[in-house]
Amino acid sequence: MSEPVHLTREPAVPLAPVAQPRWCTPRGVGWLALMIVLALKFAVCRGHEPDCQTAAATMNDALIAVVCHDEYVRTGAPAVGVRYADAERLGNHLAVAKLIAGALLITGVRGNAFRVLGQIATTEDQLAAAQAALDQAHALHQLAFDHDGLARDEQALADVFRQRSQLARALRALDACIIEAYSAGDMVIAGYCHLSGARLLAQIGSVDSARMQLELATIWFQFGAPTARNRAWVALELANIEQEARRAPLSDASPKLETGYFKTAIELGNRAQLPKLVVGAELNLAASQTDFDALEPTRRPRWLDEAEQHVAAADLIANGNVALERDQCRADILYRRGKLESAKAIYDRIFPQFTEHDDRLDVAVMQTRVALAQHDFTRAVTWANLGINEADQLRHGQPDVELQAWVLASHRAPYELLFVALARAGRLDDAVQAFDQWQGRVLHDALSRPVPAAPYGLRDAATRIDSFHAWLPAVDTAPLLQIDPARRVVAQVRATDLVALVVADGDLWRVTSGGGELAVDDLGPMETTQARVGFIDRIRDFNAAPTDPRLGRELGEALLPDRVFRTTRDTLRVVLDGPLERLPIAALRHGDQLLIAARPIVQPARLSQLACARPTAGPRKPVIVADAEPDTDHQLPDARREAQELAARLGTTAAIGNAATAAALWSAGPGTLLHVAVHGDIDANGGYLALHDQRVYALDILARRAAPELVVLSACMSAQSPSRELAGSLASAFLAAGSTQVVATLRAVSDAGAREVTSKFYARGGATDPVRALASVQAELANGNNADWPSFAVFGRDLCSTTP
């Protein structure tokens, strides 16, 4: 049997720039002719003829092709033929590569030939044929116990699965690649599979997990081949991941770290003669510096000048083959410079030329920004709607992708800008309608795709994606999460006493209604600018100390109109956009008047849920679950006593300690009252309740679709999620599963403090009228020493039949 033949190459899964994927693979480079000339000159002048195997490990693609061609013509060795075919494939000479590999199928290297043919089919977007060829290669290498061949087969299969949006299979293939490479002692291919894994983990939202994979890749390369080529790929992916982390909503990260990595990648890529890598790094570095200009406007000329230089360098290397990407970069720079007409003309020209939905989404968003800056609101609305359409197409085409923070933000952007354009145009009814549709989309995305909070491996990531598939049908069909374009939403808003706080395009907006009147006001920037003090720091301070009267007064007077503080039994509906999810609205003040002391409050999940709900006829059957870990440091003695007292009051038996199980929780069906007093927290899968036998997550609750009518979650952070959107929380999961009302907590609460709130809540009729009962309790406790009262809120809908 012939000796196995392999090439040591960059990852089969392209390490595309994370933040700007359109720049990942230029369509060609102008270096080929130059490299061939240099190779021929080298061949004449050298004293020793390098062989194909050595070239594959040390030279660039063009030189490898020349050396391997020469050796293959001279020797006809199948092993050399495979290397030559792979080099031509990497040089994008697919017809030549296919011809050579096809001829090798009758030789002893047919397994490797099948792999090359599979990779060619992948490049040609013939994914079914690619998988069939790679499966053949895999079977042949298994028969030969060829671990190195199997590692490369798995790497190539991962690329096919990735392009088919089968990310779980791609991650498992990369994990198998690493195992096989370890068995073969091939540290370099293991390193590249770790790199590819990092790219995919970043794609599903786990930046820390991606960083962990990069650390492993670095270790493998250090022992295997710490060449400029390998180090360049690591530096590029480090830059990509830092760029990813910075683009998360409300991130305080700086582009400085990513720009340093991009510069390192460019330096090493030039040294290793990797023009495609260099082009991608140059363009992404330009994008970072353009963003840097937005963060440091006082240094605008310097950053924008440098960005233009990097765009020009990329264009020169790629010999004009990144024209669209170059033009988009230059248009972004022109927009930053305030040259709006020039930017607009470029965006108009390149939008129809892009074929990928993410590219078209980016351009549509920028065109909307240009139109807003020119006060052309009609055009802004048109482009924002085009962006929404592209975002929806992206969702439909990528069913496997858990939307990470920056992807959610990019999909949210056209909705935000549509809201802003309509509001600035005075089309208030349309702005309200757009906000409700935006809320429906964000609720769906955030609830179905929890953002991982801790690092994990490739197989764990694959398992999470499989779980996502199990959860998704329940999310897709939940009535609460549907986008309803009906105009009745606006009529309901106008008829309701409402305050909605919305973060759109960097500003905090307020929607207020009541008595048929509707107002939409821009309150100012979230972040502090040179001109104005932003809201985010003040909101953070208040969230940390909600019982501070001074903070409550300052923020209340800034956020709420005077009229909402009128004393009345009428419920105030409050809708808070995701970034404001932890705002304890009940503790806001106007002068000495506390809002919750003036009137009851309920927080609907979205504008389309403002209408009151009819209560279930007859008393609610109670289910009480508490103190699930009684014999540990996590015991909750006050929660236990409260559960026992509540059970006696309601004529039932509480599930306490060992009985506080998932089965006890699930016994609470439609029409019941569920009281849960256990530990709650958030991890990589989202919000959860720590029961005696297992953790029950928000998505587990939603998947059952048989929620109790009233749920009281006396558990820490039960209204929080890992993604700054309430949609991923336990409270929202119960509402999406069918609950009418959920009493939940905005932050961690003490055992004793929570007991005082809930015991008074039930004593004042919370089981029948939770909105007014909680308001009465909070108004009383605000005058005492209980610090937990602002942490409770009622989510969902008010009941229609309440006592005046």
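Just so you know, these numbers come straight off a predicted model, no measurement behind them.

### A short note on the overall build of the chain
Part 1 of the argument: Regarding its fold elements, the chain presents 32 helices and 16 strands.
Part 2 of the argument: Within the chain, the proportion of its 804 residues that are buried is 59%.
Part 3 of the argument: Counting contacts in the chain only where the partners sit at least 6 residues apart, residues at least 24 apart contribute 72% of the total.
Part 4 of the argument: Carbon and sulfur atoms make up 52% of the accessible area of the chain, which amounts to about 30300 Å² in all.

### Digging into the nonpolar core
Part 1 of the argument: Counting 72 residues, the largest nonpolar core has Leu171, Leu195, Leu201 and Ile204 as its most contacted members.
Part 2 of the argument: Leu501, Val564, Leu673 and Ala677 belong to the second largest nonpolar core, which has 59 residues in total.

### Side note on the sheet that holds strand β2 (residues 507–514)
Part 1 of the argument: Strand order in this open sheet of five strands is β3-β2-β1-β4-β7, and the pairing throughout is mixed. Edge strands, defined here as strands with exactly one partner in the open sheet, are β3 (517–525) and β7 (601–602).
Part 2 of the argument: Note that strand β1 (residues 498–504) and β2 share seven bridges and pair antiparallel. Each residue of the ladder has a partner; that of Ala504, found in β2, is Asp507.
Part 3 of the argument: On the sheet, helix α25 (residues 549–559) packs against β1, β2 and β3 and is oriented at approximately 70° with respect to β2.

### Remarks on the state of the cysteines
Part 1 of the argument: Here the structure, examined in full by the defined rule, presents three disulfides.
Part 2 of the argument: Each sulfur of the disulfide joining Cys52 and Cys68 lies 1.8 Å from the other. Handedness here is read from the sign of the S-S torsion; for Cys52 and Cys68, about 85°, the answer is right-handed. Of this pair, Cys52 sits in helix α2 (residues 52–58) while Cys68 sits in helix α3 (residues 61–75), and the two are 16 residues apart along the sequence. Each member of the pair, Cys52 together with Cys68, is buried.
Part 3 of the argument: With a sulfur-sulfur separation of 2.0 Å, Cys612 is cross-linked through a disulfide to Cys800. Across the S-S bond of Cys612 and Cys800 the torsion is about 95°, and the bridge reads as right-handed. In this pair, Cys612 sits in the loop between β7 and β8 (621–626) while Cys800 sits in the segment after β16 (792–796), placing the two residues 188 residues apart along the sequence.

### Considering the environment of Ala423
Part 1 of the argument: For Ala423, the position within the fold is in helix α20 (residues 405–424).
Part 2 of the argument: Separated by 97 residues in the primary sequence, Ala423 and Val520 place their C-alpha atoms 6.7 Å from one another.
Part 3 of the argument: Other than its neighbours up to four places away in sequence, Ala423 contacts Leu428, Ala431, Trp509 and Val520.

### Some words on the sheet that holds β8
Part 1 of the argument: In space, the six strands of this open sheet follow the order β9-β8-β10-β14-β15-β16, with mixed pairing throughout. The outermost strands of the open sheet, each flanked by one partner alone, are β9 (655–656) and β16.
Part 2 of the argument: The sheet contact formed by strand β15 (residues 741–745) and β16 spans five bridges and is antiparallel. Of the residues in β16, the one forming a bridge with Val742 is Phe795.
Part 3 of the argument: The strands that helix α32 (residues 770–781) touches are β14 (710–713), β15 and β16; relative to β16, the one it contacts most, it runs at about 165°.

### Things to note about the environment of Trp220
Part 1 of the argument: With respect to the helices, strands and loops of the structure, Trp220 is situated in helix α11 (residues 207–224).
Part 2 of the argument: Sequence separation between Trp220 and Gly191 is 29 residues, and the spatial gap between their C-alpha atoms is 5.2 Å.
Part 3 of the argument: The residues touching Trp220, leaving out its near neighbours within four places in the chain, are Tyr182, Met187, Ala190, Gly191 and His194.
Part 4 of the argument: Within the structure, Trp220 has its side chain in polar contact with the side chain of His194 (distance 3.3 Å).

### Remarks on the packing of helix α10 (residues 187–203) against α11
Part 1 of the argument: It is the contact of α10 with α11, at a shortest axis distance of 8 Å, that shows an interaxial angle of 165°. Comparing their axes, α11 and α10 come out roughly antiparallel. Remark: the crossing between α10 and α11 carries left-handed chirality. Contacts between α10 and α11 involve Met187, Val188, Ala190, Gly191, Tyr192, His194, Leu195, Gly197, Ala198, Leu201 and Ala202 from the first element and Ser209, Ala210, Gln213, Leu214, Leu216, Ala217, Trp220, Phe221, Phe223 and Gly224 from the second.
Part 2 of the argument: Residue classes in the contact of α10 with α11 are distributed as 15 nonpolar, six polar and no charged.

### What to know about helix α16 (residues 323–336)
Given 3.6 residues per turn, any residue in an α-helix points the same way as the ones three and four places further on.
Part 1 of the argument: Along its 14 residues, α16 runs 20 Å from first to last C-alpha, staying within 8% of the 20 Å computed at 1.5 Å per residue.
Part 2 of the argument: Burial analysis of α16 places 11 of its 14 residues in the buried class, which makes it a mostly covered element.
Part 3 of the argument: Turning to α16, its buried residues number three or more, namely Leu324, Glu325, Arg326, Asp327, Gln328, Cys329, Ala331, Asp332, Ile333, Leu334 and Tyr335.
Part 4 of the argument: Once α16 finishes, Gly338 follows within two positions and takes phi at roughly 85°, a positive value.

### Considerations on the confidence of the model for the chain
Part 1 of the argument: Overall, the prediction assigns the chain a mean pLDDT of 84, with 83% of residues at 70 or greater.
Part 2 of the argument: Overall, residues 12–47 carries pLDDT values under 50, and its contacts beyond four positions in sequence, including any with other chains, amount to 89 contacts.
Part 3 of the argument: Residue range residues 400–406 is modelled with pLDDT below 50. Its contacts to residues more than four positions away, or to other chains, number 34 contacts.

### Regarding the side chain of Ser718
Part 1 of the argument: With respect to the helices, strands and loops of the structure, Ser718 is situated in the loop between β14 and α30 (730–737).
Part 2 of the argument: A residue is classified by how much of its surface remains accessible, and Ser718, at 0% relative accessible area, is buried.

### Thoughts on the pairing of β8
Part 1 of the argument: Burial within β8 is extensive, with five of its six residues counted as buried.
Part 2 of the argument: As judged from the six bridges shared by β8 and strand β10 (residues 672–677), these two strands associate in the parallel manner. Of the residues in β10, the one forming a bridge with Lys621 is Thr672.
Part 3 of the argument: As defined by bridge partners, β8 adjoins β9 across two bridges and the pair is classed as parallel. Across the sheet, residue Ala626 finds its bridge partner in β9, namely Ile656.

### With respect to a nonpolar patch on the surface
Part 1 of the argument: Taken together, Leu216, Ile219 and Phe223 make up a surface patch of nonpolar side chains, about 310 Å² in accessible area.
Part 2 of the argument: Among the secondary structure elements, Phe223 is positioned in helix α11.
Part 3 of the argument: A residue is classified by how much of its surface remains accessible, and Phe223, at 64% relative accessible area, is exposed.

### Focus: the packing of aromatic side chains
Part 1 of the argument: If you walk through the whole model with that rule in mind, you get 10 aromatic pairs.
Part 2 of the argument: The interplanar angle of 65° and the centroid separation of 4.9 Å between the aromatic rings of Tyr192 and Phe221 together place this pair among those described as edge-to-face. Of this pair, Tyr192 sits in helix α10 while Phe221 sits in helix α11, and the two are 29 residues apart along the sequence. A single burial state applies to Tyr192 and to Phe221, both of which are buried.
Part 3 of the argument: An angle of 90° between the planes, with centres 5.0 Å apart, marks the rings of Phe351 and Trp383 as edge-to-face. Within this pair, whereas Phe351 is found in the loop between α17 (340–350) and α18 (357–373), its partner Trp383 is found in helix α19 (residues 377–397), the two being separated by 32 residues in sequence.
Part 4 of the argument: Here Trp383 falls in the buried class, since its relative accessible area comes to 9%.
Part 5 of the argument: Through a chain of ring-to-ring contacts, the aromatic side chains of Phe419, Phe435, Trp438 and Trp509 assemble into a single cluster.
Part 6 of the argument: The side chain of Arg360 reaches across the aromatic face of Phe351, ending 4.2 Å from its centre.

Definitions and cut-offs
- Residues numbered from 1 in each chain as written.
- Predicted model: local features only at pLDDT ≥ 70, side-chain atom pairs only at ≥ 80, totals over all residues.
- Heavy atoms only, no water.
- Helix = DSSP H or I, 4+ residues; strand = E, 2+ residues; numbered from the N terminus.
- Buried < 20%, exposed > 50% of the residue type's maximum accessible area, 1.4 Å probe, protein only.
- Contact = heavy atoms within 4.5 Å.
- Areas by Shrake-Rupley, 256 points an atom, 1.4 Å probe, with all protein chains shown as cover.
- Core = buried A, V, L, I, M, F, W, Y, C linked by side-chain atoms within 4.5 Å.
- Pairing = 2+ DSSP bridges.
- Axes fitted to C-alpha atoms, helices over the stretch in contact; angles between N-to-C directions.
- Disulfide = S-S within 2.5 Å.
- Polar contact = N/O pair within 3.5 Å; in protein donor to acceptor, adjacent residues only side chain to side chain.
- Parallel < 35°, antiparallel > 145°, perpendicular 65-115°, else oblique.
- Left-handed = near helix turned anticlockwise from the far one by under 90°.
- Nonpolar A, V, L, I, M, F, W, Y, C, P; charged D, E, K, R; others polar.
- Expected span 1.5 Å × (residues − 1).
- pLDDT = per-residue confidence, 0-100.
- Patch = residues over 30% accessible without salt bridge, like charges linked within 9 Å, V, L, I, M, F, W, Y side chains within 5 Å.
- Salt bridge = Lys/Arg side-chain N within 4 Å of Asp/Glu carboxyl O.
- Phe/Tyr/Trp six-rings, centres within 6.5 Å; stacked < 30°, edge-to-face > 60°.
- Lys NZ or Arg CZ within 6 Å of the ring centre and 35° of its normal.

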